[in-house]
Amino acid sequence: MNASILQSLIDGMLMGGVYALAALGISLIFGVMKITNFAHGALITVGMYITYECCTLLGVTPYVALPITMVLMFLIGYIIQKICLNPIMGAGGHNQLLLTQGIAIVLENLILVLFTANYKSVTVPGFETAIRLGSITINKPKLVAFLFVAVISVGIYLVLNKTDLGKAIRATSTQPDGATLMGIVVSKINCIAFGIGVMCAGIAGALLIPTQNISPTSGNAYSLKCFVIAVFGGLGNIWGAVIAGLIIGVVEAYSALFLGGSWSEMVIYVIFILTLIIKPTGLLGKKG
Amino acid sequence: MEKKNTGTLSPLLKRGINTTSGGMSRLQIIIVLAVSIFVLLTPQFLSSYRLNLVITILTAAYFAQCWNLMSGFTGQFSFGHAAFYGVGAYMSSILSVDYGVNPWIGMLAGMLAAGIVAAIIGYLSFHYNLRGDYFALATMAFCEILRVITKNTEFFHASTGVTISYSKDWKQMQFGGKEGYLYVAFIMLAAITFGLYKIRKTKIGLYFVAIRENEDAAKALGINAFRYKMTALIASAMLTALAGTFYAQYYLYIDPTICFGNSVSVSAITPCIIGGTGTIFGPIIGAAIIEPISELTNALLSQYVGLNMVVYGLILVLAILLMPNGVVGLFHKLRAKKQKGE
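Since the structure is predicted, the reported quantities are computational estimates derived from the model, not experimental observations.

Digging into the overall build of chain A
Point 1. In terms of regular secondary structure, chain A is built from eleven helices and two strands.
Point 2. In sequence order, chain A lays out its α and β elements as α-α-α-α-β-β-α-α-α-α-α-α-α.
Point 3. Rg of the C-alpha trace for chain A: 19 Å, near the compact-globule value of 19 Å for 288 residues, within the 12% margin.
Point 4. Reported as C-alpha extents along the three principal axes, the dimensions of chain A are approximately 60 × 45 × 35 Å.
Point 5. When the 288 residues of chain A are sorted by exposure, 52% land in the buried category.
Point 6. Of the contacts made within chain A by residues no fewer than 6 positions apart, 76% connect residues no fewer than 24 positions apart.

Structure, rendered in structure tokens:
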């Protein structure tokens, strides 16, 4: 039993890292533009299929294909923001949320049309076996994904905090009007921020490929989970998303261990509702 | 994410006030009557396959109208209306299949159950003042919880779903031909639309719109926002449950995804967006546009699985981008332009 508790902790942490990265994208997008991106799950799937195509066409591993996926996903995000979301940034209400839902429907079904509903998979040579440490096994792709996530999260943190671009993004997020007065082209910053957010979803998708078979609805499983993490960590709060991702990953692993896999979703949604009710600003957010 | 308080009334609200004094124009009444008579006569000249489309339009419009009551008029944006739809469908089906309860009674039980679920969701959300996107996410999470429960419980037949036996008896809420279903769906839609039309002229209707436009201002004027939001939510939920029961009795099969899936919640919203959220006829116009297109693309592009949904999504995206107030809003804009021209 002790071994399985430790095992679940490790599995949970490793998966949580990937969730964290995807959720970080949602949080960034919400932080800068106050848009709840319902297309995030579908974009994770897009990331998976772009990586899959790179792998099969070029015969490389998902990790080698990652830079291509990142660039393409950034461009997709940039274009979505520029064409679809920028024109309605001023319009209040729920039009932005619904628009992202519409985009999600289009993307998910476009993948279905192009790739059919058949499951696809990419195997990475040498990654089929797990690392054994006593009674604990560590899944290699998940470990590598975790390391990638750590590096990329730090990279995004540095971009946001140490560069002029990051300063402009943060300025737009706190005060769009003020940022405009300071000469920042807010519409362009919005595109870049959405691009980075979508890129996060894409990277998460790419890193998940070696751990599972992919289908056009694969990303959906992560969609609501990412919202839970982003809200739990405090929408707009990058570090909150990372910490919440790890926590939710572990909670998920433990609830799967003690309650069975099918009920573990339930635990996460209950946490979600409790967070919304008790502290909608999240773990690291200001007082609600 | 709260709406900015700009201090001005939105065009929708202004229109709401205008129509409360004026009512429908003679032309509008003639159009409504003509369309109603046409729909009621369709069984005389349409094939069974085509009638199915008419029934789909009517039920989609009814479902959207339920959503419209709560989200369009009162401004509480629900992204999990499938929750109430599913509760209605499951309640009547489980009661009739496993316990031999008559579906008409099951329908009432479903409405009651959906009302209770809505009261719980509403109390938790409104008491803790969830607004905007946060409320939308909460409704979505509640809906998912219901899906997980039905999917994992033998009592609800888990993921196998519930099959309802066909008896052709109106006492069992089943009708010999399609026309029976068509008349029932028409009555449901006509009743809710008439109800919305009437309620808009009352105090409660104006309170609903006031809360949508500016909740804080409405509160400051002494409106008990919590009570009216609860009223709208519970009423909407109970009426939605009816749509769920109707679906189950018409298609005779339900499962967790058919009832509680995200696409069900979206299907309540899309007609409103296309036709015009918060208007009386918007959801009906929207359903009459999106359902035939959906059906047509499904038939024409059937060799490409999923392409019809791509079209569906594109229409949703384009509707939001090109006509933010829907067809009805577009119509009003054109009329305003014409009047200005004169």
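Points about the interface of chain A and chain B
Point 1. On the chain B side, the residues contacting the 36 residues of chain A number 36 residues.
Point 2. Among the secondary structure elements, those contributing two or more residues to the side of chain A that touches chain B are α4 (95-115), α9 (220-233) and α11 (261-278) of chain A.

Looking at the packing of helix α3 (residues 48-73) of chain B against helix α10 (residues 225-251) of chain B
Residue and element names in this part refer to chain B.
Point 1. Remark: α3 packs on α10, axes separated minimally by 9 Å, with the N-to-C direction vectors making an angle of 165°. In terms of orientation, α3 lies roughly antiparallel with respect to α10. Between α3 and α10 the crossing geometry is left-handed. Seen from α3, the contacting residues are Thr59, Tyr62, Phe63, Cys66, Trp67, Leu69, Met70 and Phe73; seen from α10, they are Ala232, Leu233, Ala235, Ser236, Leu239, Thr240, Ala243, Phe246 and Tyr247.
Point 2. Grouping the amino acids of the contact of α3 with α10 by side-chain chemistry returns 14 nonpolar, three polar and no charged.

Things to note about the environment of Tyr49 of chain A
Residues and elements named next belong to chain A.
Point 1. Relative to the elements of secondary structure, Tyr49 occurs in helix α2 (residues 40-58).
Point 2. Owing to 24 C-beta atoms within 10 Å, Tyr49 belongs among the buried residues under this scheme.
Point 3. On a C-alpha basis, the gap between Tyr49 and Ile5 in space is 34 Å, while along the polypeptide they are 44 residues apart.
Point 4. Excluding its chain neighbours within four sequence positions, the residues that come into contact with Tyr49 are Ile111, Phe115 and Ile214.

Topic: the packing of α3 of chain B against helix α13 (residues 282-300) of chain B
Residues and elements named next belong to chain B.
Point 1. It is at 8 Å that the axes of α3 and α13 come closest, and there the two elements cross at 135°. Classed by the angle they form, the pair α3 and α13 counts as oblique. When you trace α3 past α13, the crossing you get is right-handed. Contact with α3, carried on its side by Leu53, Thr56, Ile57, Ala60, Ala61, Ala64, Gln65 and Asn68, involves Pro283, Ile284, Gly286, Ala287, Ala288, Glu291, Pro292 and Glu295 of α13 and no other residues of that element.

Concerning the confidence of the model for chain B
Residue and element names in this part refer to chain B.
Point 1. The pLDDT averaged across chain B works out to 87; a share of 93% of its residues lies at or above 70.
Point 2. For chain B, helix α1 (residues 11-22) is the element with the lowest average pLDDT, namely 46, and helix α5 (residues 103-127) is the one with the highest, namely 94.
Point 3. Of the regions scoring below 50 in pLDDT, residues 1-22 engages in 20 contacts with residues more than four places distant in sequence or in other chains.
Point 4. Note on the complex model: pTM 0.89, ipTM 0.89.

Points about helix α6 (residues 132-152) of chain B
Point 1. Taking 1.5 Å as the rise per residue, α6 of chain B with 21 residues should run 30 Å; its terminal C-alpha atoms sit 31 Å apart, in good agreement.
Point 2. A large share of α6 of chain B lies buried, amounting to 18 of its 21 residues.

Thoughts on unusual backbone geometry
Point 1. One non-glycine residue, Lys34 of chain A, lies in the positive phi region at around 60°.
Point 2. Relative to the elements of secondary structure, Lys34 of chain A occurs in the loop between α1 (2-33) and α2.
Point 3. Residue Lys34 of chain A is classed as partly exposed on the basis of its 17 C-beta neighbours within 10 Å.
Point 4. The phi angle at Ala158 of chain B is positive, at roughly 45°, despite the residue not being glycine.
Point 5. Take Ala158 of chain B: it is sitting in the loop between α6 and β1 (162-163).

Observations regarding the environment of Tyr157 of chain A
Point 1. Tracing the chain through its elements places Tyr157 of chain A in helix α5 (residues 140-162).
Point 2. C-alpha separation for the pair Tyr157 of chain A and Thr211 of chain A, spaced 54 residues apart in sequence, amounts to 26 Å.

Describing α9 of chain A
Point 1. End to end, α9 of chain A covers 20 Å across 14 residues, agreeing with the expected 20 Å (1.5 Å per residue, within 8%).
Point 2. The element α9 of chain A is extensively covered by neighbouring structure, given that twelve of its 14 residues are classed as buried.
Point 3. Buried residues of α9 of chain A: Tyr222, Ser223, Leu224, Lys225, Cys226, Phe227, Val228, Ile229, Ala230, Val231, Phe232 and Gly233 of chain A, and no others.
Point 4. In this structure, the buried side of α9 of chain A is in contact with α1, α2, α10 (238-259) and α11 of chain A together with α6 of chain B.

Focus on the environment of Gly16 of chain A
All names here are of chain A.
Point 1. Of note, Gly16 is situated in helix α1.
Point 2. Judged by the 26 C-beta atoms lying within 10 Å of it, Gly16 is buried.
Point 3. Each C-alpha atom of the pair Gly16 and Leu66 lies 20 Å from the other, and the pair is 50 residues apart in sequence.
Point 4. Once residues within four sequence positions are removed from consideration, Gly16 is found in contact with Gly245, Leu246, Ile248, Gly249 and Val250.

Analysis parameters
- Residues numbered from 1 in each chain as written.
- Chains lettered and ligands numbered in written order.
- Predicted model: local features only at pLDDT ≥ 70, side-chain atom pairs only at ≥ 80, totals over all residues.
- Helix = DSSP H or I, 4+ residues; strand = E, 2+ residues; numbered from the N terminus.
- Rg over C-alpha atoms; globule rule 2.2 N^0.38 Å.
- Buried ≥ 20, exposed ≤ 12 C-beta atoms within 10 Å, placed from the backbone.
- Contact = placed C-beta atoms within 7 Å.
- Axes fitted to C-alpha atoms, helices over the stretch in contact; angles between N-to-C directions.
- Parallel < 35°, antiparallel > 145°, perpendicular 65-115°, else oblique.
- Left-handed = near helix turned anticlockwise from the far one by under 90°.
- Nonpolar A, V, L, I, M, F, W, Y, C, P; charged D, E, K, R; others polar.
- pLDDT = per-residue confidence, 0-100.
- Expected span 1.5 Å × (residues − 1).

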